[in-house]
Amino acid sequence: MKNNNSRRSFLKKSATLALGAIAASSINKGLAAIEHSESIFVPEEKFTLPTLPYSYDALEPHIDKLTMEIHYSKHHKAYVDNLNKALDNLDKGLSGNVQSLDTIFENINKLPVAIRNNAGGHYNHSLFWTLMKPNGGGNPKGKLADAISTSFGSFDEFKKQFADSATKRFGSGWAWLIKNGDKLIITSTANQDNPLMNLDSVEFKGKPILALDVWEHAYYLKNQNRRADYIGSWWQVINWDTAENLFMS
């Protein structure tokens, strides 16, 4: 997957636009390892597991240490490893569709299911880690807060609708707040699909602003089958600064 400088520059810019890269000046240094590691989005040779921007126990008591460790070091790592394996086995005729995550998502309906599942898992989790932080939670501020109030009537109503979407996602999947043009939309996707994928099964497409993993591996050790309890805990660790920067970028 090696590219010349001009091509890599183009791919990097396109990935940045499609994936909502966040300005480093407005986030803490711990997140920079994920948001500005080009190998995550436009790999030199292989996709790599990003550095977690906090320790495994940093989100306790809301998200427990063991869940974070297994979720990151086992589940996310498996998506990265399996994505690289799937790309190694890809027919050469499709290689032009996998230069970066944004090209993968744009051409996802042409690619094997293994690439769809694992590229989605890699992107979704890379974003998910950055949208949480120690001492997070509370209410959004700035223009994102205004947009939420305009779109949903109030922050409390937004929380209700978002939690409802996350709770009602049957089986495994994700709940999202996305930006589609001037609109904010709450939606959900199955498995490791996301709103950037060019798929008919993705009902609403747009830039992710918030992402909530509702696979059981995200909460079962602490909450067992009580997904609603996990969703309630997640509100306490949201990184609204990251969400605001995604909304503004």
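For the structure, check the block above.
Throughout what follows, the structure given in this document is the object of discussion. A quick note: this is a predicted structure, and the numbers were derived from the prediction, not measured.

Quick word on the pairing of strand β1 (residues 173–180)
The buried fraction of β1 is high, at 6 of 8 residues. In the sheet, β1 pairs with strand β2 (residues 183–190) via 8 bridges, with the strands oriented antiparallel. Each residue of the ladder has a partner; that of Trp176, found in β2, is Thr187. The turn joining β1 and β2, which pair antiparallel and follow one another in sequence, is formed by 2 residues; a positive phi near 65° is taken by Gly181.

Digging into a nonpolar patch on the surface
Together, Leu66, Ile70 and Leu221 make up an exposed nonpolar region whose accessible area comes to about 260 Å². Assignment of secondary structure puts Ile70 in helix α4 (residues 65–88). Owing to a relative accessible area of 31%, Ile70 belongs among the partly exposed residues under this scheme.

A short note on the sheet that holds β1
What the 3 strands build is an open sheet, ordered β2-β1-β3; its pairing is antiparallel. Strand pairing shows two members of the sheet lacking a second neighbour, β2 and β3 (207–213), which therefore form its edges. Ignoring strand direction, the axes of neighbouring strands in this sheet form an average angle of 20°. As defined by bridge partners, β1 adjoins β3 across 6 bridges and the pair is classed as antiparallel. The residue bridging Ala175 from the neighbouring strand is Leu212, located in β3. Most of the contacts of helix α6 (residues 113–130) go to β3, to which it runs at about 90°, and overall it touches β1 and β3.

Cut-offs applied
Per chain, residues are indexed from 1 in the order of the written sequence. Given that this is a predicted model, residues contribute local features only at a pLDDT of at least 70 and side-chain atom pairs are listed and counted only at 80 or more, while totals for whole chains, interfaces and linings are drawn from all residues. Only hydrogens and water are removed before side-chain values are computed, so all heavy atoms of the structure are retained for them. Between buried and exposed lies partly exposed: a residue is buried under 20% and exposed over 50% of the maximum accessible area for its type, with that area taken using a 1.4 Å probe on protein chains only. Numbered from the N terminus, helices here are DSSP runs of H or I no shorter than four residues, and strands are runs of E no shorter than two. For two strands to pair, DSSP has to find at least two bridges joining them. Patch criteria: residues need more than 30% relative accessible area and no salt bridge. Like-charged residues are merged within 9 Å; nonpolar side chains of Val, Leu, Ile, Met, Phe, Trp and Tyr are merged within 5 Å. The accessible surface values rely on the Shrake-Rupley method and a 1.4 Å probe; as for residues, cover is taken only from the protein chains in view. Counted as salt bridges are all cases of a side-chain nitrogen of Lys or Arg within 4 Å of a carboxyl oxygen of Asp or Glu. In this analysis, axes come from line fits to C-alpha atoms, helices being fitted only over the stretch in contact, and the angle between any two N-to-C directions falls in the range 0 to 180 degrees. Here, residues are in contact when the closest pair of their heavy atoms is within 4.5 Å.

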